[in-house]
Amino acid sequence: MRDFADRIKRLLVGRPVPSGALGETLLPKRIALPVFASDALSSVGYAPDEVLITLAVAGVAATSLSPWVALAVVGVLAVVVASYRQTVHAYPSGGGDYEVVSANLGSHAGLLVASALLSDYVLTVAVSVSSGTSYLAAALPALAPYKVEIAVAVATVLAVLNMRGSKESGRAFAIPTYLYMGVIGIMAVAGFIQELTGRLGQAESAGFDVVTYPAWEQGLTGLAGGFLVLRAFSSGCAALTGVEAISNGVPSFQRPKSRNAATTLLLLGGIAALMLMSVIHLAGAVGVRMVEDPAHQLLRNGVPVGDTYHQDPAIGQIAATVFSGFRPMFYLVAAVTGLILVLAANTAFNGFPVLASVLARDEFLPRQLSQRGDRLAFSNGIIVLWLGAVAFLVGFEANTTRLIQLYIVGVFISFTLSQVGMVRHWTRELTIATDSKARSRMHRARIINAIGVLGTGTVLVIVLLTKFTRGAWITLTIMALLYLVMNRIRRHYRRVSEEVAISDLHDARVLPAHVHAIVLASRLHQPTLRALTYAQSTHPTALEALTVDTGDGGAERLLDAWEEADIAVPLTVLDSPYRDITRPVINYVRSVRRESPRDLVVVFLPEYIVRHWWEQILHNQTALRLKTVLLFTPGVVVASVPWQLGLPGQRHIHHGVRARTAEGIIDADVAMRRHVDSHLSHLNGSGTGDVGADRQEN
């Protein structure tokens, strides 16, 4: 089984990489940009849609405010980018927001940020993949009914690619990311030229009328109108997701790490802002109409368009209009945008495992998450992220509009607390800095981070007010659960450390009063002889063999063979009227332990080690069940005595025993006692298998 699984793993993940090659996996800026920035850049594929859909509640006229909403989003983006450039210089170790907040605001605030980031990374994968499948459905409508299945398959492929290592996955994603930036740039330039020359057409949806929601017939008026604009702004702020991934992934950059990360962050911000404004402007220029329920809210000649109408994303409608005379370019834009939306999940596949490894190092998550896999990626973290994303994709049916309501609340919690932490960091540094140039730089950085607090804090309040009832409460609940679970894990690790710590070296070396050895047997054969020999070689105070009578006559046959062989080890027979083997053994071992609490009980289990994975199904798992229960019994040690099936050397070693056993069981016992030293010299088996002391498999 292990060999088969290993071959599959090698096929999917590749050959193991030695730890010394870790430096070779570091990313140059040209690869780091598509790896870490694809999330923020790809948000251009769905953030404009959410702004237009939200404003359309108040009618077509309200969508004219979309450029101003986008401009406000770009303003916040500029503040966040400037703030995080200070962070990557001050904290280059890769903890990102978690490290900043923990160091400056305490471990509880740091844990809150960690829970927000972990949930946000999972939602990043879910939102990106579901949005990408929407573009696929736009190009190939026949695939629309299979969105969930396609989304799960895509998330699985991304997980496998990332388990091959960040540098290899980064190279695979670099070309699509740059191609995406290129085609959006070409579309924007072509659209602007057509608009300036008066040749820009209108989108198909421009001819539709929009059904205004009740109470919005007067448009954006009063307090409700302002609230709707704020809701559109909070939806547009999804374009900021992914910015924090660079601060979390600084260790993945080539040296100088901080400078390269800061440069990549600046490129990310500039490109994302330019693309967002271009798409929003062209959407208005071609008259894109987008609503939450197109089948009933879009009217053609006063009649709802019905379920047969598929609402294409904004970029798809713009591309269809700009390239109306050249359809291949439309398909290229739709395909590349869908692809980059899918690949944007790669940002989370890089950020989540790194953050999880830091949390595991600090004992807030299981330590396995801090271990690198065969390809030097944090494979366990990748698997956890994949499982979480699949749960959201299935639970929300890969619906981008529903998922995005859960999305950005965690981002802005981490943004805001991180900026507060940075303000406190610079304030503390100023108290000890004496160089005038350094102090001037710190003052400037503190002002930038203070503006960041104001900007991101304002957005956080808006997001909570506008999205809480629309799904943000789910994210807050998940964050609270993660916070509690991570606190419990930390308390567990601390309790274990205190319990196993050596307070008195002399007490730690106290030996047990006696050692009671028990060898499990079902019939007298070579695995039983080996277990007896091994138990004898440990020189226990007491030694006995143990079998269970299930009423099938096996116990009587074993007793006869045992007496005929004149084996000096006593054999105890346990009655089991209900034919259960595990429970009588467990109860007996516990009774021995209760009678002599200071004694150590060692249970020797003869086990079969099979040669092929498929042979496992031919043997039951009695040994595994016994080990699992005995593991929680104080003062009991379980020793596995393996018998390798089909091993030629082993058959040769025990050939004399096997031959004499055919002649008579007494000869086998004599051979066992004569060749104790030979048995001991060949006790080199390893692995796990099924108990040889189980008559049901022998």
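Bear in mind that the values here come from a model prediction, so they are computed numbers and not experimental data.

### Remarks on the sheet that holds strand β2 (residues 298–300)
Phase 1: Reading across from one edge, β1-β2-β3 is the order of the 3 strands in this open sheet, with antiparallel pairing throughout. The open sheet has two edge strands with one neighbour each: β1 (209–210) and β3 (303–304).
Phase 2: Of the pairings in the sheet, the one linking β2 to β3 comprises 2 bridges and is antiparallel in character. Looking across to β3, one finds that arginine 300 is bridged to valine 303.

### Describing unusual backbone geometry
Phase 1: One non-glycine residue, glutamate 397, adopts positive backbone phi at about 55°.
Phase 2: You can see glutamate 397 is positioned in the loop between α16 (379–395) and α17 (400–404).

### Topic: the layout of surface pockets
Phase 1: Each pocket or cavity is described by its volume, and for the largest pocket that value is around 690 Å³.
Phase 2: Ser134, Lys147, His310, Gln311 and Thr401 are, among the 29 residues lining the largest pocket, the residues nearest its centre.
Phase 3: Mapped by element, the contributors of at least two residues to the lining of the largest pocket are α3 (47–55), α6 (107–139), α7 (147–163) and α17.
Phase 4: With 4 residues, the single largest contributor to the lining of the largest pocket is α6.
Phase 5: Split by residue class, the lining of the largest pocket holds 13 nonpolar, 9 polar and 7 charged.

### Regarding the packing of aromatic side chains
Phase 1: Under the definition given, this model contains 6 aromatic pairs.
Phase 2: Look at tyrosine 84 and phenylalanine 415: their rings are 5.5 Å apart centre to centre, the planes differ by 65°, and that puts the pair in the edge-to-face class. Taken together, the residues tyrosine 84 in helix α4 (residues 66–90) and phenylalanine 415 in helix α18 (residues 408–430) connect sequence positions 331 residues apart.
Phase 3: Relative accessible area serves as the criterion here: at 1%, tyrosine 84 is assigned to the buried category.
Phase 4: Residue classification places phenylalanine 415 among the buried positions, given a relative accessible area of 0%.
Phase 5: Ring pairs connect the aromatic residues Tyr84, Phe412 and Phe415, which therefore count as one cluster.
Phase 6: Above the plane of the ring of phenylalanine 364 lies arginine 490, whose end atom (NZ or CZ) is 4.7 Å from the centre.

### Description of empty space enclosed by the protein
Phase 1: The full count for this structure, using the stated rule, is 5 cavities of 30 Å³ or more.
Phase 2: Space inside the largest cavity adds up to approximately 120 Å³.
Phase 3: Lining of the largest cavity is provided by 15 residues; of these, Ile53, Thr54, Arg231, Glu292 and Arg470 occupy positions nearest its centre.
Phase 4: Of all the secondary structure elements, the ones that give two or more residues to the lining of the largest cavity are α3, α9 (222–236) and α19 (436–500).
Phase 5: When residues in the lining of the largest cavity are grouped by element, the largest group, 3 residues, is from α3.
Phase 6: The residue inventory of the lining of the largest cavity, partitioned by class, reads 5 nonpolar, 5 polar and 5 charged.

### Brief notes about the pairing of strand β6 (residues 571–575)
Phase 1: Summarising the sheet, strand β5 (residues 542–549) and β6 pair through 5 bridges and their orientation is parallel. When the bridges of β6 are listed, leucine 546 appears paired with threonine 572.
Phase 2: At this point the chain moves from β5, through helix α22 (residues 554–565), to the parallel β6, and the crossover so formed is right-handed.

### Concerning the pairing of strand β4 (residues 515–520)
Phase 1: With 5 of its 6 residues buried, β4 lies for the most part within the structure.
Phase 2: Note: β4 against strand β7 (residues 600–609), 5 bridges, orientation parallel. Within the sheet, the bridge partner assigned to isoleucine 518 lies in β7 and is valine 603.
Phase 3: By the bridge criterion, 5 bridges tie β4 to β5 in an arrangement that is parallel. From the neighbouring strand, alanine 517 faces β5, where its bridge partner is leucine 543.
Phase 4: Considered for its hand, the β-α-β crossover made up of β4, helix α21 (residues 526–537) and β5 is right-handed.

### Concerning the pattern of salt bridges
Phase 1: Under the definition given, this model contains 4 salt bridges.
Phase 2: Here arginine 361 and aspartate 362 are joined by a salt bridge, their closest N and O atoms 3.4 Å apart.
Phase 3: We classify aspartate 362 as partly exposed; its relative accessible area is 24%.

### Considering the packing of α18 against α19
Phase 1: With their axes 5 Å apart at the nearest point, α18 and α19 run at an angle of 155° to one another. Judged by the inter-axis angle, α18 sits roughly antiparallel to α19. The handedness of the crossing between α18 and α19 is left-handed.
Phase 2: Split by residue class, the contact of α18 with α19 holds 21 nonpolar, 10 polar and 5 charged.

### Topic: helix α11 (residues 257–285)
Phase 1: The first and last C-alpha atoms of α11 sit 42 Å apart over 29 residues, in line with the 42 Å expected at 1.5 Å per residue.
Phase 2: Downstream of α11 by a residue or two, glycine 287 has a phi angle that is positive, lying close to 75°.

### Topic: a negative patch on the surface
Phase 1: A contiguous patch of negative charge on the surface is contributed by Glu556, Asp560, Glu563 and Glu564.
Phase 2: Here aspartate 560 is to be found in helix α22.

### A word on a nonpolar patch on the surface
Phase 1: Side chains of Leu65, Trp68 and Leu71 sit close together on the surface and give an oily, nonpolar patch of about 330 Å² of accessible area.
Phase 2: One can find leucine 65 in the loop between α3 and α4.

### Focus on the confidence of the model for the chain
Phase 1: This prediction gives the chain a mean pLDDT of 79; 82% of its residues lie at or above 70.
Phase 2: This model gives residues 17–24 a pLDDT under 50, and the stretch forms 9 contacts once residues within four places in sequence are excluded.
Phase 3: Below a pLDDT of 50 lies the segment residues 651–698, which in the model reaches 101 contacts outside its immediate sequence neighbourhood of four places, other chains included.

### Some points on the packing of α7 against helix α15 (residues 345–361)
Phase 1: Two elements in contact, α7 and α15, have axes separated by 10 Å at closest approach and are oriented at 45°. With respect to α15, the axis of α7 lies oblique. As α7 packs across α15, the resulting crossing turns out to be right-handed. Contacts between α7 and α15 involve Ala155, Leu158, Ala159 and Asn162 on the former and, on the latter, Ala345, Asn346, Phe349 and Asn350.
Phase 2: Class assignment of the residues belonging to the contact of α7 with α15 gives a composition of 5 nonpolar, 3 polar and no charged.

Parameters and conventions
Residues numbered from 1 in each chain as written. Predicted model: local features only at pLDDT ≥ 70, side-chain atom pairs only at ≥ 80, totals over all residues. Heavy atoms only, no water. Pairing = 2+ DSSP bridges. Helix = DSSP H or I, 4+ residues; strand = E, 2+ residues; numbered from the N terminus. 1 Å grid on protein atoms, 1.4 Å probe; cavity = no way out; pocket = protein on both sides within 12 Å on 5 of 7 lines; lining within 4 Å. Points joined across faces, edges and corners; volume = space filled by probe spheres on them. Nonpolar A, V, L, I, M, F, W, Y, C, P; charged D, E, K, R; others polar. Phe/Tyr/Trp six-rings, centres within 6.5 Å; stacked < 30°, edge-to-face > 60°. Buried < 20%, exposed > 50% of the residue type's maximum accessible area, 1.4 Å probe, protein only. Lys NZ or Arg CZ within 6 Å of the ring centre and 35° of its normal. Right-handed = clockwise from strand over helix to strand, strands pointing away. Salt bridge = Lys/Arg side-chain N within 4 Å of Asp/Glu carboxyl O. Axes fitted to C-alpha atoms, helices over the stretch in contact; angles between N-to-C directions. Parallel < 35°, antiparallel > 145°, perpendicular 65-115°, else oblique. Left-handed = near helix turned anticlockwise from the far one by under 90°. Expected span 1.5 Å × (residues − 1). Patch = residues over 30% accessible without salt bridge, like charges linked within 9 Å, V, L, I, M, F, W, Y side chains within 5 Å. Areas by Shrake-Rupley, 256 points an atom, 1.4 Å probe, with all protein chains shown as cover. Lys, Arg positive; Asp, Glu negative; His and termini not counted. Charge placed at Lys NZ, Arg CZ, Asp CG, Glu CD. pLDDT = per-residue confidence, 0-100. Contact = heavy atoms within 4.5 Å.

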